[in-house]
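# Structural features, examined
Residues per chain, in single letters:
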Amino acid sequence: MFLSVFDMFKVGIGPSSSHTMGPMVAAARFLDTLRASPFHFHGLRASLHGSLAFTGVGHATDRATILGLAGFAPDTYDADKADAAFARIRDTRTIEVPGLPPMAFDPLKDLHFDFGPALPGHANGMILKATDAQGDVILQETYYSIGGGFVLTAAEQAEAGGTKSKTRADVPYPFETAAEMLEMAARSGLTIAAMKRANELRFRSATDLDAGMARLWQVMNDCISRGMEGTGILPGGLKVRRRAKGIHDALIAERGLNMTAPHTINDWMSLYAMAVNEENAAGGQVVTAPTNGAAGVVPAVLRYYLDHVPGASTARIGDFLLTAAAIGGLCKHNASISGAECGCQAEVGSAAAMAAGAICAVMGGTPALEHHLGMTCDPVKGLVQVPCIERNGLGAIKAVSAASLALRGDGQHLVSLDACIETMRQTGRDMHEKYKETSLGGLAVNVPNC
Ligand code: SF4
């Protein structure tokens, strides 16, 4: 398997990589299929299944699907143009995109939330259809949004055997498990980041790699900054107030007063993560890390490293991201990074493991690990707000604590990363469906919706 740093970290929009970005990407793929078809199409239809239906309204899955069918993509998303296009489709009940004839699409009638059983391939399924002049379906495709913005057709999903590829990648260090990764590191004398870099250079130049990672950090850091300035109530109806700015202002005011408790550093880590996840909940630009719901952990730990750790250097940002991507790739390849598949242990848990390994690496250690085994996904009202926003802050704190402990250890651990990842896979498999991003269990049913 080879999962690029640009697969694990993708510039996109909130609030969800699997429920917002994935459907938009799937719709774009469907347009390409239509363009390559000899048929003449007159209309479009879409249906959302499983978790995409149950939490689709909270995640704006319907809007993302429609905008994807209108030609929008997460990485080039323009909010103003999207608003205008969405209003136009609603008023004209027609979708117009380059390379295809105008196609009838009524958002109220042609997009269906299917609350029946999930599609067989994955909890996040959607079916897109194109019709002829009589309204008969002449082409349709099933897509699965498997987490982190990754999308597979039903055929690709079946061929891949779930989310796990069977072929070894043609790269210098084709590790598929943590044990292999550490063994290759010991044999080569290279760090995880150096091996990952060598693998990346198999597909792109060093200039492109470094420029791409610089952009990733720029978008992450801008997101933190915007989040620390944002005020007001987050959309969706839960009336969740944005808190990052208030925490930031208070922390700044306390500086230099000689009254700051040592644990205040935790508030800085939480602040950075919450800023990102409030931006995500508001539909802003974020970097999936490895998902949108968990997008705050990795940037928060990197910002903490840069701003608070003595001797930190911006020259290590690339190594941080490469190490995190290597660990995230192992989680995705051997278990999951999808809350709808394995619960939040696969999202915030994977993000914390990525961040822990990354900060440990740039501080001179071998990988530290933090797991959140068993953590369910239970977003209140299907919104990536409660418990997601604060959960990212705590994920960042746990990641840094794990790295700190590892740096004080001798490198010997009873539990390996592979054992954690396999346990996450098994726990996710056995987890009741209501705890997998359906909002049918956990906090989602015990917190009153107002
Ligand atoms: S609870 Fe975790 S997995 Fe579920 S939506 Fe929130 S961040 Fe994502």
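One can find the structure itself at the top, above this paragraph.
In this report, the structure presented in the accompanying data block is examined. Keep in mind that what you see is a predicted model, and the values were worked out from it rather than measured. (Residues numbered from 1 in each chain as written. Predicted model: local features only at pLDDT ≥ 70, side-chain atom pairs only at ≥ 80, totals over all residues.)

## Let's talk about the overall build of the protein
Helix and strand counts for the protein come out as 20 helices and nine strands. For a compact globule of 450 residues, the expected C-alpha radius of gyration is about 22 Å, and the protein comes in at 22 Å, within 12% of that figure. By its C-alpha atoms, the protein is 70 × 50 × 45 Å across when sized along the principal axes. When burial is assessed residue by residue, the protein has 52% of its 450 residues classed as buried. (Helix = DSSP H or I, 4+ residues; strand = E, 2+ residues; numbered from the N terminus. Rg over C-alpha atoms; globule rule 2.2 N^0.38 Å. Buried ≥ 20, exposed ≤ 12 C-beta atoms within 10 Å, placed from the backbone.)

## What about helix α13 (residues 264-281)?
Over its 18 residues, α13 extends 25 Å from the first C-alpha to the last, a length consistent with the 26 Å expected when each residue adds 1.5 Å. Among the 18 residues in α13, 14 count as buried, and that is most of the element. Positive phi shows up at Gly-283, right after α13, with a value of about 80°. (Expected span 1.5 Å × (residues − 1).)

## A short note on the site of the ligand
Near the ligand, the surroundings consist of 13 residues, among which Gly-293, Gly-339, Cys-344, Cys-377 and Cys-388 are the closest. Looking at side-chain class alone, the shell around the ligand contains eight nonpolar, two polar and three charged residues. (Near = placed C-beta within 6 Å. Nonpolar A, V, L, I, M, F, W, Y, C, P; charged D, E, K, R; others polar.)

## Some words on the nonpolar core
With 93 residues, the main nonpolar core has Tyr-272, Val-297, Val-301, Ala-355, Ile-359, Ala-396 and Ala-399 as its most contacted residues. At 12 residues, helix α17 (residues 348-362) tops the list of elements feeding residues into this core. When near neighbours in sequence (up to four residues on either side) are disregarded, Ala-355 contacts Val-297, Val-298, Val-301, Ala-324, Ala-396 and Ala-399. In terms of nonpolar packing, the next biggest core, distinct from the first, is built from 38 residues, Met-21, Phe-30, Ile-95 and Phe-150 among them. (Core = buried A, V, L, I, M, F, W, Y, C linked by C-beta atoms within 7 Å. Contact = placed C-beta atoms within 7 Å.)

## Digging into the packing of helix α5 (residues 61-69) against helix α6 (residues 79-92)
Where α5 contacts α6, the axes come no closer than 10 Å and their chain directions differ by 90°. Taken together, the axes of α5 and α6 are roughly perpendicular relative to one another. For the pair formed by α5 and α6, the contact residues are Arg-63, Ile-66 and Leu-67 on the first element and Ala-82, Ala-85, Phe-86 and Ile-89 on the second. Along the lines of polarity and charge, the residues of the contact of α5 with α6 split into six nonpolar, no polar and one charged. (Axes fitted to C-alpha atoms, helices over the stretch in contact; angles between N-to-C directions. Parallel < 35°, antiparallel > 145°, perpendicular 65-115°, else oblique.)

## Overview of helix α14 (residues 297-308)
The first and last C-alpha atoms of α14 sit 16 Å apart over 12 residues, in line with the 16 Å expected at 1.5 Å per residue. For α14, the tally of buried residues reaches nine of 12 residues, placing the bulk of the element in the interior. Contacts made by the buried residues of α14 are with α11 (206-229), α13, α15 (317-334), α17 and α18 (388-407).

It is worth stressing that arrangement in space is one thing and function is another; only the former is reported here.
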